[in-house]
Protein chains: 2
Amino acid sequence: MNIRLMPRVEDIVQKNIAKSNAIVIDMLRATSVITTALYNGARGVIPVLTVDEAMAAREKCSDVVLGGERRGLKINGFDLGNSPLEYTPSNIKDKTIIMTTSNGTRAIKGCESANHIYIGSMLNGKSVAARASLDDADISIVCAGTLGKFSLDDFICAGYIIDELMKVKSYVLDDISFAAHYMYDANKKDVEGIIKNASHYNYLVSIGLEGDIKYCCRMGILDIVPEYKDGIISNPF
Amino acid sequence: MNIRLMPRVEDIVQKNIAKSNAIVIDMLRATSVITTALYNGARGVIPVLTVDEAMAAREKCSDVVLGGERRGLKINGFDLGNSPLEYTPSNIKDKTIIMTTSNGTRAIKGCESANHIYIGSMLNGKSVAARASLDDADISIVCAGTLGKFSLDDFICAGYIIDELMKVKSYVLDDISFAAHYMYDANKKDVEGIIKNASHYNYLVSIGLEGDIKYCCRMGILDIVPEYKDGIISNPF
């Protein structure tokens, strides 16, 4: 069994994704938001690519909440932004979230040829690794990146999930999976310290979101594995 | 001034390359061959994309040597393969080399919008960094990769050249340049040791080319900066 890492949405190779179990990572912050929202009792998360699609989906469904960001900030007319700390039970329990983000949504939709599409973050890294390694399938780790660029935060998170996968089973790593795992392993005692070198980290700090980052760097605290299927992310387990 | 790293030919972004000084890396082995050949007195190296182009170029020029590889092996009808150890003065002095390789040639030709296109390897890492940082231009580091895949050997070599660039001048690193520099810095006392984890390293060992690799891992031993201009790589300095 192989682990292949695609560091940006733009690097998705359909022939690698097909028949694999995909784990999508956008740790700052889309996949951390999704994981938190489902843990806190949301019914499901529907990822859409555009603001117009989100607005149109609200017309069709009841009990929905619109969430997401552009340039890290809440979208005009939306209920919630892209801070996982906003997705509290009182805001989202039993609601369906319609979500659009700059990078994460595209990454999830790019994996539609996979066997399973799991949502990964630092928060649920241990659980998602345990689930994705249950059957004998190759693993595709798809990092969202940031607006077409490699993002160090997603790369370190990928390294953490690879570490958890390798505790369960012996996988063959491709060169870039090896590099991600190496960098995680060398920094696992201070993950936030290495992520401080990410340009997206510094952008989020500059718009006042340091609290979000601290939360998103917590490893293995949520035992939940969101899965995307038929257009909706839910917690089927 | 910025350093941007493109880890594979497929990641070349023309708007980043334009007006920058590009350093092309295919350390195992195309750019190590080019550096060695010019150091040993070749007149120039003409990179071509196909075997047919190489054969046709031989018809037009005198004093030429055909070199290159497919799947790591010498091409049928060519004079030399892709081992830098073959490019001795007795084989190539005052000759023009027509060269086609799987990855490196495409990487060089992909950079044609840059201000300068320098050829980088472990062998000339210090010299190429000194030259590329002479003028106030951003630096694009373009790794060839291996048949469309990220290659750990090129990544570590990029990290070494970034380290040499940063000794000369203060650059802003993008996230992937930071990662390459981090991995080099953590392994600079045993570069070959970390490169042993590259799948291309193991492929080359499997076809008996361990000697080539040992040579290609030697850092800063050749004080030469090959430059590609008007279709030919030469040593203009």
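Residues numbered from 1 in each chain as written. Chains lettered and ligands numbered in written order. Predicted model: local features only at pLDDT ≥ 70, side-chain atom pairs only at ≥ 80, totals over all residues. Heavy atoms only, no water.

Engineer: How would you sum up the packing of helix α8 (residues 175-187) of chain A against helix α8 (residues 175-186) of chain B? Please name residues and give values.
Structural biologist: When two helices pack together, you describe them by how their axes are tilted relative to each other and by the distance separating the axes. Two elements in contact, α8 of chain A and α8 of chain B, have axes whose closest approach is 11 Å; the angle formed by their N-to-C orientations is 65 degrees. Relative to α8 of chain B, the element α8 of chain A lies roughly perpendicular. As for how α8 of chain A packs across α8 of chain B, the hand of that crossing is left-handed. On the side of α8 of chain A, the interface is formed by F178, A179, Y182, M183, A186 and N187 of chain A, while α8 of chain B contributes F178, A179, Y182, M183 and A186 of chain B. Across the contact of α8 of chain A with α8 of chain B, the residue classes tally to ten nonpolar, one polar and no charged. (Axes fitted to C-alpha atoms, helices over the stretch in contact; angles between N-to-C directions. Helix = DSSP H or I, 4+ residues; strand = E, 2+ residues; numbered from the N terminus. Parallel < 35°, antiparallel > 145°, perpendicular 65-115°, else oblique. Left-handed = near helix turned anticlockwise from the far one by under 90°. Contact = heavy atoms within 4.5 Å. Nonpolar A, V, L, I, M, F, W, Y, C, P; charged D, E, K, R; others polar.)

Engineer: Before we move on, can you summarise helix α2 (residues 30-39) of chain B with the specific residues and values?
Structural biologist: Residues and elements named next belong to chain B. For α2, the tally of buried residues reaches nine of ten residues, placing the bulk of the element in the interior. Of all the residues in α2, the buried ones are A30, T31, S32, V33, I34, T35, T36, A37 and L38. Looking at the residues trailing α2, positive phi occurs at G41, about 105 degrees. (Buried < 20%, exposed > 50% of the residue type's maximum accessible area, 1.4 Å probe, protein only.)

Engineer: Lay out the environment of E210 of chain A in plain terms, naming residues and giving numbers.
Structural biologist: Residues and elements named next belong to chain A. Along the chain, the position of E210 falls in helix α11 (residues 210-216). Using a relative accessible area of 37% as the deciding quantity, one classes E210 as partly exposed. The contacts of E210, once residues within four sequence positions are left out, are Y201 and V205.

Engineer: Report on the side chain of S32 of chain A, specifying residues and quantitative values.
Structural biologist: Summarising the element assignment, S32 of chain A is placed in helix α2 (residues 30-39). Those residues in contact with S32 of chain A, other than ones at most four positions away along the chain, are D26, M27, P84, S121, L123 and C216 of chain A.

Engineer: Can you lay out the confidence of the model for chain A for me, pointing to particular residues and giving the numbers?
Structural biologist: Mean pLDDT over chain A works out to 95, with 100% of the residues at or above the 70 mark. Overall fold confidence (pTM) sits at 0.96, and the ipTM for the predicted complex is 0.95. (pLDDT = per-residue confidence, 0-100.)

Engineer: Quick rundown of the pairing of strand β1 (residues 2-6) of chain A? Include the residues and the values.
Structural biologist: Residue and element names in this part refer to chain A. Sheet analysis places β1 next to strand β9 (residues 172-173), joined by two bridges and oriented parallel. For I3, the partnering residue across the bridge sits in β9 and is L173. With four bridges connecting them, β1 and strand β8 (residues 139-143) associate as parallel partners. Following the sheet pairing, R4 is matched in β8 by S140. (Pairing = 2+ DSSP bridges.)

Engineer: Tell me about the packing of aromatic side chains, and please be specific about residues and values.
Structural biologist: All names here are of chain A. Overall, the coordinates contain six aromatic pairs over all chains when judged by the stated rule. Judged by centre distance (4.8 Å) and plane angle (55 degrees), the rings of F150 and F155 are tilted. Each of the two residues, F150 as well as F155, counts as buried. Residues F178 and Y182 carry aromatic rings whose centres are separated by 6.4 Å and whose planes lie at 40 degrees to one another, so their mutual orientation is tilted. Placement of the pair is F178 and Y182 together in helix α8, with a separation of four residues, close to one helical turn. The buried category is assigned to F178, whose relative accessible area is 18%. (Phe/Tyr/Trp six-rings, centres within 6.5 Å; stacked < 30°, edge-to-face > 60°.)

Engineer: Quick one: what's the story with the relation of the copies chain A and chain B, residue by residue and with numbers?
Structural biologist: When chain A is brought onto chain B, the operation consists of a screw motion whose angular component is 180 degrees and whose axial shift is 0.0 Å, with 0.0 Å RMSD remaining. Viewed as a symmetry operation, the transformation between the two copies matches a two-fold axis. When C-alpha positions in chain A are compared against the rotation axis, the closest is assigned to M183 of chain A, at 3.7 Å. Comparing interface residues between copies, 100% of those in chain A also sit at the interface in chain B, which points to an isologous, same-surface contact. (Least-squares fit on C-alpha atoms with pLDDT ≥ 70 in both.)

Engineer: For the pairing of strand β7 (residues 116-120) of chain B, give the residues involved together with the corresponding values.
Structural biologist: Within a regular strand, the side chains alternate between the two sheet faces. Residue and element names in this part refer to chain B. For β7, a buried count of four out of five residues is recorded, marking the element as mostly surrounded by other parts of the structure. One ladder, built from five bridges, connects strand β2 (residues 21-25) with β7; its direction is parallel. When the sheet's bridge partners are listed, V24 is paired in β7 with I119. Two elements, β7 and strand β10 (residues 227-229), share two bridges in a ladder whose sense is antiparallel. Bridge pairing in β10 links I117 to Y228.

Engineer: So what about unusual backbone geometry? Which residues, and what values?
Structural biologist: All names here are of chain A. Following L28, the chain continues to R29 via a peptide bond in cis, the omega torsion being 15 degrees. For R29, the location among the structural elements is in the loop between β2 (21-25) and α2. Positive phi, normally seen in glycine, also occurs at D94, with a value near 65 degrees. Turning to its location among the elements, D94 is positioned in the loop between α4 (89-92) and β6 (96-100). Taking relative accessible area as the criterion, D94 reaches 45% and is therefore assigned partly exposed.

Engineer: Could you give an account of the pattern of salt bridges, with specific residues and numbers?
Structural biologist: Per the stated rule, a full pass over the model turns up 24 salt bridges over all chains. Salt-bridge contacts for K126 of chain A lead to E164 of chain A; the nearest nitrogen and oxygen are separated by 3.6 Å. You can see K126 of chain A sitting in helix α6 (residues 125-132) and its partner E164 of chain A sitting in helix α7 (residues 152-168), a full 38 residues away along the chain. When its relative accessible area of 51% is taken as the criterion, K126 of chain A is described as exposed. Of the residues examined, E164 of chain A reaches a relative accessible area of 8% and is grouped as buried. Residues joined by salt bridges that share partners form a network here, namely R8 and D11 of chain A together with R8 and D11 of chain B. (Salt bridge = Lys/Arg side-chain N within 4 Å of Asp/Glu carboxyl O.)

Engineer: I'd like a description of the interface of chain A and chain B, backed by residues and values.
Structural biologist: Counting from both sides, the interface comprises 19 residues of chain A and, opposite them, 19 residues of chain B. Interface area, chain A with chain B, both sides summed: about 1,500 Å², of which 65% is carbon and sulfur. By the criterion of area lost to chain B, the three top residues of chain A are D175, F178 and Y182 of chain A, representing 39% of everything that side buries. On inspection of chain A and its partner chain B, the count reaches two salt bridges. Ionic pairing is found between D11 of chain B and R8 of chain A, a salt bridge with its closest N-O pair at 3.2 Å. (Buried area = accessible area lost by both parts, 1.4 Å probe.)

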